[in-house]
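# Results of the structural survey
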Amino acid sequence: EGSGDDKFWLSYKMSTSTFPSVVRETFGEHASSFFKSFTSSILSPKGLYQSSNAIPPFALRGDKWAAASLKGYYRKLLGIGPKTGSRLTGPFRAAYDQFVEENPPPSPTSERFLRNHFDYLSFALSGYDMSRTQAAPVAYMTGDLHLPGANVNFPKQGGALGPIVDSMAEKISCQPSSAISKGTTVTSLILEGPDNRCVGVNAIDVKGNPVSYRSKEGVILNVPIWSIPKILETTADELPEGPQKEKLEETIKNTLELSKKSKKSGSFMHAYLAVPSSPSDFPLECHHSVIMDWGEPIDAKQNMVIISIPTVFDSSLAPEGFHIIHAYTAASDDFNEFKGFLQDGERPESDTSDGSFSQPNPYKNDDYNKNPDYIALKEKQSEVLFDAISRVIPDIRDRLTHEDAVIEIGTPLTHRRFNRRAYGTYGPGVDEDGSVWNLLQAKSLNIPDLYLAGDSTFPGIGIPGVAASGTIAANSFVGIREHNRELSRSRKEGILQ
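So, here's what we can say about the structure.

Rules behind the numbers
Residues numbered from 1 in each chain as written. Predicted model: local features only at pLDDT ≥ 70, side-chain atom pairs only at ≥ 80, totals over all residues. Heavy atoms only, no water. Helix = DSSP H or I, 4+ residues; strand = E, 2+ residues; numbered from the N terminus. Contact = heavy atoms within 4.5 Å. Axes fitted to C-alpha atoms, helices over the stretch in contact; angles between N-to-C directions. Parallel < 35°, antiparallel > 145°, perpendicular 65-115°, else oblique. Left-handed = near helix turned anticlockwise from the far one by under 90°. 1 Å grid on protein atoms, 1.4 Å probe; cavity = no way out; pocket = protein on both sides within 12 Å on 5 of 7 lines; lining within 4 Å. Points joined across faces, edges and corners; volume = space filled by probe spheres on them. Nonpolar A, V, L, I, M, F, W, Y, C, P; charged D, E, K, R; others polar. Phe/Tyr/Trp six-rings, centres within 6.5 Å; stacked < 30°, edge-to-face > 60°. Buried < 20%, exposed > 50% of the residue type's maximum accessible area, 1.4 Å probe, protein only. Lys NZ or Arg CZ within 6 Å of the ring centre and 35° of its normal.

### Notes on the environment of Pro-105
Here Pro-105 shows up in the loop between helix 5 (92–102) and helix 6 (108–126). For the pair formed by Pro-105 and Gln-497, sequence separation is 392 residues and the distance between their alpha carbons is 35 Å. Not counting the four nearest positions on each side in its chain, Pro-105 is found in contact with Phe-34, Val-100, Ser-110 and Glu-111.

### Thoughts on the packing of helix 2 (residues 29–43) against helix 7 (residues 135–146)
Here helix 2 crosses helix 7 at 115°, and the two axes come no closer than 10 Å. As far as their axial angle goes, helix 7 and helix 2 are roughly perpendicular. When you trace helix 2 past helix 7, the crossing you get is left-handed. Between helix 2 and helix 7, the residues in contact are Phe-35, Thr-39, Ile-42 and Leu-43 and Ala-139, Thr-142, Gly-143 and His-146, respectively.

### Details of the layout of surface pockets
One number sums up the size of the second largest pocket: a volume of about 430 Å³. A per-class count over the lining of the second largest pocket returns six nonpolar, eight polar and eight charged.

### Considering the packing of aromatic side chains
Two descriptors summarise a pair of aromatic rings, namely the distance from one centre to the other and the angle between the planes of the rings. Tallied over the full model, the rule gives 19 aromatic pairs. Considering the side-chain rings of Phe-19 and Phe-113, the 6.5 Å spacing of their centres and the 35° angle between planes classify their relative orientation as tilted. Of this pair, Phe-19 sits in helix 1 (residues 18–27) while Phe-113 sits in helix 6, placing them 94 residues apart in sequence. Phe-19 sits in the partly exposed class, given a relative accessible area of 29%. Sitting over the ring of Tyr-451, Lys-443 keeps its end group 4.5 Å from the ring centre. Sitting over the ring of Tyr-73, Arg-491 keeps its end group 5.0 Å from the ring centre.

That is the geometry; function is a separate question.
Quick look at the structure:
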């Protein structure tokens, strides 16, 4: 049900009774009751959902004042306690196992459904099942989906992110001596002084020209763990021999070790389609997750396909009488099957370095598109996408024969090139026990005035985690008094809890 008149979003209210009803019809009353019991435990006043919301990312910092910015939340921290805190930063599977142990499932089917559902939800968030997905974001998503009054926001005109990004860019550009340089690749850091203080970056601009940018306060480096060593190595090459260079070389050694240990999630196959619509399509849902085989692990190769049909919400996104469809395998395709089509110098140098960063886009070359073997593999690996879509639109292959139909297929190499993602991966994984503490922290490199952000940095993979890491880094450049004043004002105005 659509509601509201937001500038950027179409808001759709969700019925908290619909999903349990579907579970009841499909798996029986026992499965529905077990599902409601588990979600109720998560959403209870002292459950994981409330605890995951207790401390907003805007209160966190990555510097020596990290504890001081939490003074307005000490009571909540005491209420959470170390036991719940460790559960939030540990794997969601631990919370699930504890519930099942304390509440024996009424039937094998009910437990199997609940486990499959939360493995799916975890995988959709992080690219891993619940044994390797942090509990906090899963608990938060459970509330987003199942709390009374829950709703889903969909971008108007398919482009709400555009105006949001434009607004952020405008705020940055209007600051004195501030600018945005698009298509620019950072090659090294500018370090000065006896303590190797970071005062800027060297880069290659979109035309291939070397440029340098100096900062007044510091640098936030938002690159994945597999790109950091190369940037640090180039930085070390530019330093004179001496203790500063030796110190940086030790940092490089430690970072390389971490990059070797960091597991890479899978890559993607994509299908972007425009096909004729039909009166028989309606009612048609926008979002679909198709599990090809529930007997396989959720993260098995090409086992989950996510489908979005945005024209269900906004028909103006396509010419009259057409649907737009985006389908993709969720972080479960193998980059190594495709990397052999890259030319020498374009392939990853090792398991810890992908891209030379000596040109505007180290992944830009797409000559592989002309290779008949690549084309054949692309067609073969994309079949699962059309199989999945056919479960939603059974005659999809017939519609694709229409003279105005559009078919664009992307592979792990496409994903790597357009998103500038090392190895075409969704991102780095956490430890085998699901802990996020193996991730980099904002100050992990111990270089003064250099902060880290991104999905290699705490709290980890996925849009919520990446946004939080950026917030933590940005907060660290604000004086602690000003930070606490803004937190206090935001709480009084109801912006923050």
